[in-house]
Amino acid sequence: MKVVLFCGGYGMRMRSGASDDVPKPMAMVGPRPLIWHVMRYYAHFGHREFILCLGYGAHHIKDFFLNYEETTSNDFVLRGGRTELLSTDISDWTITFAQTGIESPIGERLRRVRHHLDGDEMFLANYADVLTDAPLPTMIDNFARRDAGASMMVVPPQSSFHCVDLGEDGLVGGITAVSELPLWENGGYFVLRQEVFDHIPEDGDLVADGCAQLAKRGRLVAHQHRGFWKPTDTVKERAALDAAYTRGERPWAVWERDGAAAHPAGVRA
């Protein structure tokens, strides 16, 4: 199943200054950027055809894959001055690099790569900046059995703040952690059918337009995930993931936990 990755936004909260033009999916977690971790997750479950919706800082993403160093994250033997890899990461991935505009909203980016989906009934989509250990096969199977146009993974609220219940007299009736409220957030992992394109207007948004319209029609389903899920909207969140990686605490790396086999090389520009 093809995987559409939205990786063309500015990522302003992740940037260190005006001269920093690295897009958020290229922020490092361990020896590899965020986008690599997301793609490795999908590849582990057998989904190795990627369509990258490029925009801001696209050259950083192109350069990373066109000059990919397998030895950074794989064991190898140096014999007679030649490198012999003992395993590989991306050798059987197919990656389409599509420029989808600098200012385009997510829905418009998706519209602009529709022709790369080859009319596939179902496909996957992701913001390329959130890591999780969610059971992807279960998410896909549950959606495939439903008569719906889209599935959105949802997670409990991540805020550490508390909500206060106020009475008319100004007295506090109760305090509840946001994470304990009966609410769910968009987790950024989607399984979509072609139907979603019927509800995304030109320069529209995937969630606010496409998913919202499907929800009104009873055509949007949610996959509830209470396991590991971490966004990287800020430098602090990215640093926390990087520190966890260094400590060996990386539950999103399902390919390590499940002992995924290495795969033989091809990047399509």
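Thresholds, definitions, all that
Residues numbered from 1 in each chain as written. Predicted model: local features only at pLDDT ≥ 70, side-chain atom pairs only at ≥ 80, totals over all residues. Heavy atoms only, no water. Helix = DSSP H or I, 4+ residues; strand = E, 2+ residues; numbered from the N terminus. Rg over C-alpha atoms; globule rule 2.2 N^0.38 Å. Buried < 20%, exposed > 50% of the residue type's maximum accessible area, 1.4 Å probe, protein only. Areas by Shrake-Rupley, 256 points an atom, 1.4 Å probe, with all protein chains shown as cover. Lys, Arg positive; Asp, Glu negative; His and termini not counted. Charge placed at Lys NZ, Arg CZ, Asp CG, Glu CD. Expected span 1.5 Å × (residues − 1). Arc of directions from axis to C-beta. Salt bridge = Lys/Arg side-chain N within 4 Å of Asp/Glu carboxyl O. Pairing = 2+ DSSP bridges. Axes fitted to C-alpha atoms, helices over the stretch in contact; angles between N-to-C directions. Contact = heavy atoms within 4.5 Å. Core = buried A, V, L, I, M, F, W, Y, C linked by side-chain atoms within 4.5 Å. Phe/Tyr/Trp six-rings, centres within 6.5 Å; stacked < 30°, edge-to-face > 60°. Lys NZ or Arg CZ within 6 Å of the ring centre and 35° of its normal. pLDDT = per-residue confidence, 0-100. Polar contact = N/O pair within 3.5 Å; in protein donor to acceptor, adjacent residues only side chain to side chain.

(A) Quick peek at the overall build of the protein. A tally of regular secondary structure across the protein gives seven helices and 15 strands. A compact globule built from 269 residues should have a C-alpha radius of gyration of about 18 Å, and the protein, at 20 Å, falls within 12% of that. By principal-axis analysis of the C-alpha atoms, the protein measures approximately 80 × 45 × 40 Å. Counting over 269 residues, the protein shows a buried share of 47%. If you sum the accessible surface of the protein, you get close to 13200 Å²; carbon and sulfur atoms cover 50% of it. With 28 positive and 36 negative side-chain charges, the protein shows a spacing of 3 Å between the two charge centroids.

(B) Broad picture of helix α6 (residues 235-246). If you check α6, its first and last C-alpha atoms are 16 Å apart, about what twelve residues at 1.5 Å a residue would give, namely 16 Å. Of all the positions in α6, only Arg238, Leu241, Ala244 and Tyr245 are classed as buried. Along the axis of α6, the buried residues cluster in a sector spanning 125°; they form a single face. Opposite the packed face of α6, turned more than 90 degrees from it, sit the exposed residues Lys236 and Thr246. Within two residues after α6, Gly248 carries a phi angle of roughly 85°, on the positive side.

(C) Summary view of the pattern of salt bridges. Scanning the model with the defined rule gives 17 salt bridges in all. With a closest N to O distance of 2.8 Å, Asp129 and Lys24 form a salt bridge. You can see Asp129 sitting in the loop between β8 (122-126) and β9 (130-132) and its partner Lys24 sitting in the loop between β1 (2-7) and β2 (28-29), a full 105 residues away along the chain. Across the pair, exposure class does not vary: Asp129 and Lys24 are buried alike. Overlapping salt bridges bring together Lys2, Glu49, Asp118 and Asp120 as one network.

(D) View of the sheet that holds strand β4 (residues 49-54). Strand order in the open sheet formed by seven strands is β7-β4-β1-β8-β13-β10-β14, with mixed pairing between adjacent strands. Strands with a single pairing partner mark the edges of an open sheet, and in this sheet they are β7 (94-99) and β14 (220-224). For this sheet, the mean angle separating the axes of adjacent strands, direction not counted, is 25°. Set on the sheet, helix α5 (residues 206-216) makes contact with β1, β10 (150-155), β13 (185-193) and β14; between it and β13 the angle comes to about 70°.

(E) Focus on the nonpolar core. Ranked by internal contacts, the top residues of the largest apolar core, which has 50 residues, are Leu5, Tyr42, Phe50, Leu52 and Phe65. Sorting elements by how many residues they give to this core places helix α1 (residues 34-44) first, with eight residues. Counting residues in hydrophobic clusters, the runner-up holds 21 residues, among them Ala98, Phe197, Leu206 and Leu214.

(F) The arrangement of the packing of aromatic side chains in detail. Under the defined criterion, the tally for this structure stands at 14 aromatic pairs. When the centroid spacing of 5.6 Å and the interplanar angle of 80° are considered together, the rings of Tyr41 and Tyr189 count as edge-to-face. Taken together, the positions of Tyr41 in helix α1 and Tyr189 in strand β13 put the pair 148 residues apart, joining distant regions of the chain. A relative accessible area of 1% places Tyr189 in the buried class. Look at Phe64 and Phe65: their rings are 4.9 Å apart centre to centre, the planes differ by 75°, and that puts the pair in the edge-to-face class. What links up through ring pairs into an aromatic cluster is the set Tyr41, Tyr42, Phe45 and Tyr189. Across from the ring centre of Phe143, 4.4 Å away, lies the NZ or CZ of Arg193, which sits over that ring. Here the basic side chain of Arg250 rests over the ring of Tyr245, its NZ or CZ set 4.0 Å away from the ring centre.

(G) Layout of the environment of Leu110. Residue position: Leu110 is located in helix α3 (residues 106-112). Along the backbone, Leu110 and Asp141 are 31 residues apart, and their C-alpha atoms lie at a distance of 23 Å. Those residues in contact with Leu110 that sit more than four places away from it in its chain are Val4, Phe6, Phe123, Leu192, Val196, Phe197, Ile200 and Leu206.

(H) Region of interest: the confidence of the model for the protein. Of all residues in the protein, 92% have pLDDT values of 70 or greater, and the mean over the chain is 89. Ignoring residues within four places in sequence, the model shows residues 260-269, a span with pLDDT below 50, making 29 contacts including any to other chains.

(I) Just the side chain of Ser104, in detail. As for its position among the elements, Ser104 is in the loop between β7 and α3. Ser104 sits in the buried class, given a relative accessible area of 12%. Only 2.6 Å separates the side chain of Ser104 from the backbone oxygen of Thr100, close enough to count as a polar contact.

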